[in-house]
Amino acid sequence: MASTPNGLARIETHGAKKKHENGICHDDSSAPVRAQTIDELHSLQRKRSAPTTPIKDGASSPFAAALSEEERQRQQLQSISASLASLTRETGPKVVRGDPARKGEAAAKGAPSPHPQPVHHHHPHVTPTIAVSDSSLKFTHVLYNLSPAGIITHDMCVSDTFLVGCGRAELYEQAIKYEKGSFITSTGALATLSGAKTGRSPRDKRIVKDEAAAQELWWGKGSPNIEMDEHTFLTNRERAVDYLNSLDKVFVNDQFLNWDTENRIKVRIISARAYHSLFMHNMCIRPTEEELEEFGTPDFTIYNAGQFPCNRYTHYMTSSTSVDINLARREMVILGTQYAGEMKKGLFGVMHYLMPRRGILSLHSGCNMGKQGDVALFFGLSGTGKTTLSTDHNRLLIGDDEHCWSDTGVSNIEGGCYAKCIDLSQEKEPDIWNAIKFGTVLENVVFDEHTREVDYTDKSVTENTRAAYPIEYIPNAKIPCVGPHPKNVILLACDAFGVLPPVSKLNLPQTMYHFISGYTALVAGTEDGIKEPQATFSACFGAAFIMLHPTKYAAMLAEKMQKYGATGWLVNTGWSGGRYGVGKRIRLPYTRKIIDAIHSGELLTANYKKTEVFGLEIPTEIDGVPSEILDPINTWTDKGAYKETLLKLAGLFKKNFEVFANYKIGGDSSLTDKILAAGPNF
Ligand SMILES: Nc1ncnc2c1ncn2[C@@H]1O[C@H](COP(=O)(O)OP(=O)(O)OP(=O)(O)O)[C@@H](O)[C@H]1O
Ligand SMILES: O=C([O-])CC(=O)C(=O)O
Ligand SMILES: [Ca+2]
Ligand SMILES: [Mn+2]
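The structure presented is a predicted model; accordingly, all values stated were derived computationally and were not measured. Here the residue index of a chain counts from 1 through its sequence in written order. Here every chain gets a letter starting at A, and every ligand a number starting at 1, in the order they are written. Reporting in this predicted model follows two pLDDT cut-offs: at least 70 for local features of residues, and 80 or more for side-chain atom pairs to be given and counted; totals over whole chains, interfaces and linings ignore these cut-offs and use all residues. Water and hydrogen atoms were dropped before computing side-chain values, which therefore reflect all heavy atoms in the structure.

Give a description of the sheet that holds strand E24 (residues 466-470) that names residues and reports values.
Overall, mixed pairing links the five strands, which are arranged E5-E6-E21-E24-E20 in an open sheet. Each edge of the sheet is formed by a strand with only one pairing partner; in this case those strands are strand E5 (183-184) and strand E20 (416-420). The rule for pairing is simple: two strands pair if DSSP sees at least two bridges between them. In this text, helices come from DSSP runs of H or I with a minimum length of four residues, and strands from runs of E with a minimum of two, each type numbered from the N-terminal end. Bridging between E5 and strand E6 (residues 190-192) involves two bridges; their strand directions are antiparallel. Counterpart to isoleucine 184 in the pairing with E6 is leucine 190.

Below, the structure is given as structure tokens:
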């Protein structure tokens, strides 16, 4: 850690530098923003254009927060107040629903006196009690599920007016009024900045290692789970809760995860920013009015303190950012990062713990369904094409990122999509383009100061620009987001080495080998002049989110694929014609043709040949795709360089897989042997 002139360790708001061992990288978090100050960050967002007329601050207008059904409200406020209660105090905050601008009115109506349930927890430390302090006397205005979505049916969604009517408007107003960097783009999306962090901070994630967690979870080398103790969790929790309580207002979302209603999880998200509330409103499943009324106690609660940092002198803290999960308490605390993806992916981690206990496999995958009911899963690390390829005009979208596979079929965990939008084009990705409208959160994009037209090619703030929209914004979304058992399991890799074939058919052991490996090779920070592809291996195509040992998920996948007769495929959405710098990324229309041929069954009956080293079965012909690109060796002019690069990548695969060689996968040890043999041979 670097030190400052006064000898103190410097606070690393940007997170520690990534460690690359042997050319392998194990996390796929993005680079920090290049701005040094907040003003610099804000100036990146807006492109100057002539003429420069000054933009006036919008005059504040009172908005109509509907106060209805006194009793329901009282109960909701009570349960929110209990959620916001610090553990050391006798009482929680006095909460009032609505906008603080209407403070007088709301308070005059009489705030409910909350009686939070006592929270029992066991740790050896004596917790000081503050029965009454100024903070426990304070009112916090709670903006609770500001925008009930109502029941949105597929047909109704086509009408924009309905969506406007169901009102994400209040959150827009809150964001624009109070959160610097919030703007409405020319298509009506809410553009916002996530601050210094424009990606997740996997190195700042901590999991409470109590006795149960020590036994059940995956710890040690390769695991994303870095331990913390219960006491430290409570310290951070109290810090977040105190910060939230100190604000004039907080946002509370009560929502669901998992469209499989039998296995639905109720989540409460308490946050400081309208941006975060709208983001989760879009990304989680929106309850109906009735469901909200009967919501009761959440199964899991997030305290998101956003920009407010952790105390870096706290045990286990290595920076001012901390994302902490406590499974026993069913709580997550976020300090020192405003990147909204932490909430989404934090909950995904929780699902990776809860679902396998019920025999349900949780998956970092996209999912869509043909008109005939054939379901495909799209696995892949960040940026490999899950969202792009599952969003397919000819098929129904079940979801773009997080799914469950149970005995009854597949279900989406979320209620929205989170698309990368760097270089987004209307022509290539029309459905995503059109989803960026009123209600959609657009993170870290750059737009024209006056026209508010977004320049999707601009990476000034970050390369990880994102759009979060409700799944109904995709015209052919399948609502409810469930489907039958998958027929095809497509593993996506963006191979910047350019040696993996555009498509290969996998047998079951190969599917498992590549699933456990979880390979991709993106090209890191182009402007830093790094031209070397960086191989990333992330078990189960999502090591950052899994809680149990990868072989547990792999065994479940093998069992399900076998039972329901699904076919595995490896699709390279990366380079062709040479490695990064020489070749080019395979054209999206070709990848779409390849995917079409998988869906239609055309590829099941094609002619195949086997590749050297990786032993992959590649088709010799595909309708609409030039045959010569199907075998990468044809596209490289320097055959020697091809062979060398192929062996280099094979070596990295081998090295990565060493740690799994001692594990048995499932009950069938012959499968384990076959999986070990299914990797590259050279
Ligand atoms: N041949 C191709 N196939 C798929 N995507 C491509 C291709 N060529 C370029 N792209 C671009 O690559 C990106 C794929 O990103 P996408 O949002 O689909 O990633 P993802 O797998 O969903 O990642 P995350 O888990 O981070 O959301 C898109 O910006 C897409 O336009
Ligand atoms: O979670 C995020 O920040 C984006 C995402 O989908 C991923 O990285 O897999
Ligand atoms: Ca995605
Ligand atoms: Mn993802």
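Residues and numbers for the site of ligand 2, please.
For this description, a residue counts as near a given molecule or strand if any of its non-hydrogen atoms is within 4 Å of it. Around ligand 2 lies a shell formed by Arg200, Tyr339, Lys344, Lys345, His364, Ser382, Asp401, Tyr418, Arg466 and Phe545. Counting of polar contacts relies on pairs of N or O atoms within 3.5 Å, with two restrictions inside protein: one atom must be capable of donating a hydrogen and the other of accepting it, and residues adjacent in sequence are counted only when both atoms are side-chain atoms. Within the contact set of ligand 2, an oxygen atom lies 2.7 Å away from a side-chain nitrogen or oxygen of tyrosine 339. Serine 382 places a polar side-chain atom, nitrogen or oxygen, 3.5 Å from an oxygen atom of ligand 2. Accessible surface area values rest on a Shrake-Rupley calculation with a 1.4 Å probe, where residue burial reflects the displayed protein chains alone. Within the complex, 96% of the 260 Å² of free accessible area of ligand 2 lies under protein. Broken down by class, the residue content of the shell around ligand 2 amounts to three nonpolar, two polar and five charged. Under the convention adopted here, Pro, Cys and the residues Ala, Val, Leu, Ile, Met, Phe, Trp and Tyr are nonpolar, Asp, Glu, Lys and Arg are charged, and Gly plus all remaining residues are polar.

Before we move on, can you summarise the sheet that holds strand E14 (residues 361-363) with the specific residues and values?
The antiparallel open sheet is built from four strands, whose spatial order is E14-E18-E19-E25. The strands lining the two open edges of the sheet, one partner per strand, are E14 and strand E25 (482-483). In the sheet, strand E18 (residues 403-406) pairs with strand E19 (residues 409-412) via four bridges, with the strands oriented antiparallel. For serine 406, the partnering residue across the bridge sits in E19 and is glycine 409.

Describe in detail the pattern of salt bridges, supporting the description with residues and values.
Salt bridge, as used here: a side-chain nitrogen of Lys or Arg that lies within 4 Å of a carboxyl oxygen of Asp or Glu. This structure, assessed with the given rule, holds 21 salt bridges. For lysine 47, the salt bridge is made with aspartate 458, and the minimal N-O distance between the two is 3.4 Å. With lysine 47 in strand E2 (residues 46-47) and aspartate 458 in the loop between strand E23 (454-455) and E24, this residue pair connects regions lying 411 residues apart in the sequence. What makes aspartate 458 buried here is its relative accessible area of 11%. Where salt bridges share partners, they join Lys344, Lys345, Asp401, Glu402 and Glu414 into one cluster. For the exposure calls, accessible area comes from a 1.4 Å probe over protein chains only, and a residue counts as buried if that area is under 20% of its type's maximum, exposed if over 50%, partly exposed in between.

Got a sec to walk through the site of ligand 1? Specific residues and values, please.
In the neighbourhood of ligand 1, 21 residues make up the surrounding shell, with Ser382, Lys386, Thr387, Glu429 and Arg466 lying closest. The separation between an oxygen atom of ligand 1 and a polar main-chain atom of glycine 383 is 2.9 Å. Contacts to ligand 1 include lysine 420, whose backbone N or O atom sits 3.5 Å from an oxygen atom. Burial of ligand 1 by the protein amounts to 91% of the accessible area it has alone, namely 650 Å². The leading source of residues in the shell around ligand 1 is helix H13 (residues 386-390), at three residues. Taken together, the residues of the shell around ligand 1 break down into five nonpolar, nine polar and seven charged. Throughout, the edges of the domains are those of an automatic or database domain assignment. Composition of the shell around ligand 1 by domain shows at least three residues from each of domain 2 (148-359 + 417-474) and domain 3 (485-544 + 566-677).

For the packing of helix H7 (residues 169-178) against helix H10 (residues 274-283), give the residues involved together with the corresponding values.
At a closest axis distance of 8 Å, the pairing of H7 and H10 adopts a crossing angle of 150°. In terms of their interaxial angle, H7 and H10 are classed as roughly antiparallel. As H7 runs across H10, the sense of the crossing is left-handed. Contacts between H7 and H10 involve Leu171, Tyr172, Gln174 and Ala175 on the former and, on the latter, Ala274, Ser277 and Leu278. When its residues are assigned to classes, the contact of H7 with H10 shows five nonpolar, two polar and no charged. Each axis is a line fitted through C-alpha atoms, and for a helix only the stretch in contact is used; angles between axes span 0 to 180 degrees, taken between their N-to-C directions. Under this scheme an angle from 65 to 115 degrees is roughly perpendicular, one under 35 degrees roughly parallel, and one over 145 degrees roughly antiparallel; angles in between are oblique. Crossing handedness: left-handed means the near helix sits turned counterclockwise from the far one by under a right angle, and right-handed means the same turn made clockwise. A contact between two residues is defined here by any heavy atoms of the two lying within 4.5 Å.

Please provide a residue-by-residue account of the environment of asparagine 444, values included.
Along the polypeptide, asparagine 444 turns up in the loop between strand E21 (441-443) and strand E22 (446-448). With 16 residues separating them in the primary sequence, asparagine 444 and serine 460 have C-alpha atoms 8.8 Å apart. Ignoring anything within four residues of it in the chain, the contact list for asparagine 444 reads Thr192, Leu193, Ser194, Thr198, Val461, Thr462 and Thr465. Among the polar contacts listed, one links the side chain of asparagine 444 to the backbone nitrogen of serine 194, at a separation of 2.9 Å.

Explain the coordination of the manganese ion (ligand 4) to me, and be specific about the residues and the numbers.
Metal donors: N, O and S atoms at distances within 2.8 Å, or within 3.2 Å for Na, K and Ca, with water omitted from the atom set so that some sites may seem incomplete. Protein-derived coordination of the manganese ion (ligand 4) comes from Lys345 (NZ), His364 (NE2) and Asp401 (OD), at a distance range of 2.2 to 2.5 Å. Seen from the manganese ion (ligand 4), its six donor atoms lie at angles of 70 to 169°, and the figure they make is irregular. Counting residues between consecutive donors of the manganese ion (ligand 4) along the chain gives the motif K-x18-H-x36-D. Between the two metals, the manganese ion (ligand 4) and the calcium ion (ligand 3), the spacing is 4.7 Å. Residue lysine 345 is located in helix H12 (residues 341-354), and its partner aspartate 401 is located in the loop between strand E17 (396-399) and E18; the two are separated by 56 residues in the primary sequence. For the pair formed by lysine 345 and aspartate 401, the shared burial category is buried. Metal sites are grouped by the angles between bound donors: all angles between 85 and 135 degrees with four donors is tetrahedral, opposite donors over 155 degrees apart with the others between 65 and 115 is square planar for four donors and octahedral for six, and any other pattern is irregular.

I'd love a proper account of helix H20 (residues 669-677), names of residues and values included.
If you check which residues of H20 are buried, you get Leu671, Thr672 and Ile675. Taken around the axis of H20, the buried residues stretch over an arc of 100°, which confines them to a single face. For H20, the exposed residues lying more than 90 degrees away from the buried face are Asp673 and Ala677. Buried residues along H20 sit against helix H15 (508-517), helix H16 (550-564) and helix H19 (639-657). The directions from the helix axis to the C-beta atoms are what the arc is built from.

Mind laying out the pairing of strand E13 (residues 331-335), listing which residues take part and the relevant values?
In the case of a regular strand, side chains alternate between the two sheet surfaces. The buried fraction of E13 is high, at five of five residues. What you see with E13 is no split at all: Glu331, Val333 and Leu335 on one side and Met332 and Ile334 on the other are buried throughout. Pairing between strand E11 (residues 300-304) and E13: four bridges, direction parallel. Bridge assignment links tyrosine 303 to a residue of E13, and that residue is valine 333. Where strand E12 (residues 322-326) hands over to E13, the hairpin turn is made up of four residues, of which arginine 330 adopts a positive phi near 55°.

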